Amino acid sequence: MGGSVAAVSSHGTYSFSKPNRDRITLLAGLGVEGDVHAGVTVKHRFRMRKDPSQPNLRQVHLLHEELFDEVREAGFEVAAGELGENVTTRGVDLLGLPTGTLLRLGDGAVVEVTGLRNPCAQIDGFRKGLMKQVVGRDADGKVRVLAGIMGVVVTGGVVRPGDPVGVELPDGPHLPLETV
């Protein structure tokens, strides 16, 4: 089970979108080198206002490229990095992974999945109406969040577009992803 890295992105200052790079370096326990969200404690501005000492469970934001195909059908053009993700993947069911899954990126980097990205109103600021495409309800009325997943860096390394993505599921009962 696996796929590939479609794009990598980072930004050293707070902004919604992140420019694509030819590579990013993941740092164990911190996140993406030079990215504004890297750190041991939370770096998301809203979460920092609540409690800046919280552990950073959002060191790396991963998003499936297939989402761009889905929102395009609804009339939205979105490209890699524009929703603020660090790693855009292809061929991996990110949203179907359980908490604690290890993603092996490239030659040696490992990211542990911590949960779903909690989408914010900035998505509609980027493209009006897009929020309804990434947060909605399924046929049973259950909320579905499609804005990607978050993780922490277990093992650092360089990640480039075209690198493989390996998936290692955790032992024991699989816990579904919740927003972090």
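### Remarks on the overall build of the protein
Okay, so step 1: When its secondary structure is counted, the protein shows four helices and 13 strands.
Okay, so step 2: In terms of C-alpha radius of gyration, the protein reaches 15 Å, essentially the compact-globule figure of 16 Å for 180 residues.
Okay, so step 3: Expressed as a percentage of the 180 residues in the protein, the buried residues total 44%.
Okay, so step 4: The long-range fraction of contacts in the protein, counting pairs at least 24 apart against all pairs at least 6 apart in sequence, stands at 68%.
Okay, so step 5: Positive and negative charge centroids in the protein, built from 20 and 22 side chains respectively, lie 8 Å apart.

### Overview of the packing of aromatic side chains
Okay, so step 1: This model, assessed by the stated rule, comprises one aromatic pair.
Okay, so step 2: Ring centres of F16 and F126 lie 5.6 Å apart, and the angle between their planes is 35 degrees; this geometry places the pair in the tilted category. You can see F16 sitting in the loop between β1 (2-9) and β2 (20-21) and its partner F126 sitting in helix α3 (residues 122-126), a full 110 residues away along the chain.
Okay, so step 3: When its relative accessible area of 15% is taken as the criterion, F16 is described as buried.
Okay, so step 4: Positioned over the ring face of F126 is R127, at 4.1 Å from the centre of the ring.

### Some words on the pairing of strand β7 (residues 102-105)
Okay, so step 1: Here β7 pairs with strand β8 (residues 109-116) via four bridges, running antiparallel. Across the sheet, L102 pairs through a bridge with E112, a residue of β8.
Okay, so step 2: What sits between the antiparallel neighbours β7 and β8 is a turn of three residues, in which G106 has the positive phi angle 65 degrees.
Okay, so step 3: Pairing of β7 with strand β13 (residues 164-168), which is carried by four bridges, proceeds in the antiparallel orientation. Within the sheet, the bridge partner assigned to L102 lies in β13 and is E168.

### Structural notes on the side chain of R117
Okay, so step 1: With respect to the helices and strands, the residue R117 is situated in the loop between β8 and α3.
Okay, so step 2: A polar contact is formed between the side chain of R117 and the backbone oxygen of L83, at a distance of 2.9 Å.
Okay, so step 3: Contacts of R117, omitting those with residues within four sequence positions, involve F16, R58, H61, L83, I123, V145, A147, G148, I149, M150 and T179.

### Regarding the pattern of salt bridges
Okay, so step 1: All told, the structure shown has eight salt bridges when counted by the stated rule.
Okay, so step 2: In this structure, E82 engages R127 in a salt bridge whose closest nitrogen and oxygen atoms are separated by 4.0 Å. Of this pair, E82 sits in the loop between α2 (66-73) and β6 (87-90) while R127 sits in the loop between α3 and α4 (131-134), and the two are 45 residues apart along the sequence.
Okay, so step 3: Salt bridges sharing common partners tie together E65, E66, D69, R72, E77 and R90.

### Remarks on the sheet that holds strand β12 (residues 157-159)
Through backbone hydrogen bonds, the strands of a sheet pair up, either in parallel or in antiparallel fashion.
Okay, so step 1: Read across the open sheet, the three strands follow the order β4-β3-β12; overall the sheet is antiparallel. Of all strands in the sheet, those with a lone pairing partner are β4 (31-32) and β12, marking the two edges.
Okay, so step 2: In terms of strand pairing, strand β3 (residues 24-27) meets β12 through three bridges, oriented antiparallel. Bridge pairing in β12 links L26 to G157.

The rules we used
- Residues numbered from 1 in each chain as written.
- Predicted model: local features only at pLDDT ≥ 70, side-chain atom pairs only at ≥ 80, totals over all residues.
- Heavy atoms only, no water.
- Helix = DSSP H or I, 4+ residues; strand = E, 2+ residues; numbered from the N terminus.
- Rg over C-alpha atoms; globule rule 2.2 N^0.38 Å.
- Buried < 20%, exposed > 50% of the residue type's maximum accessible area, 1.4 Å probe, protein only.
- Contact = heavy atoms within 4.5 Å.
- Lys, Arg positive; Asp, Glu negative; His and termini not counted.
- Charge placed at Lys NZ, Arg CZ, Asp CG, Glu CD.
- Phe/Tyr/Trp six-rings, centres within 6.5 Å; stacked < 30°, edge-to-face > 60°.
- Lys NZ or Arg CZ within 6 Å of the ring centre and 35° of its normal.
- Pairing = 2+ DSSP bridges.
- Polar contact = N/O pair within 3.5 Å; in protein donor to acceptor, adjacent residues only side chain to side chain.
- Salt bridge = Lys/Arg side-chain N within 4 Å of Asp/Glu carboxyl O.

It is worth stressing that arrangement in space is one thing and function is another; only the former is reported here.
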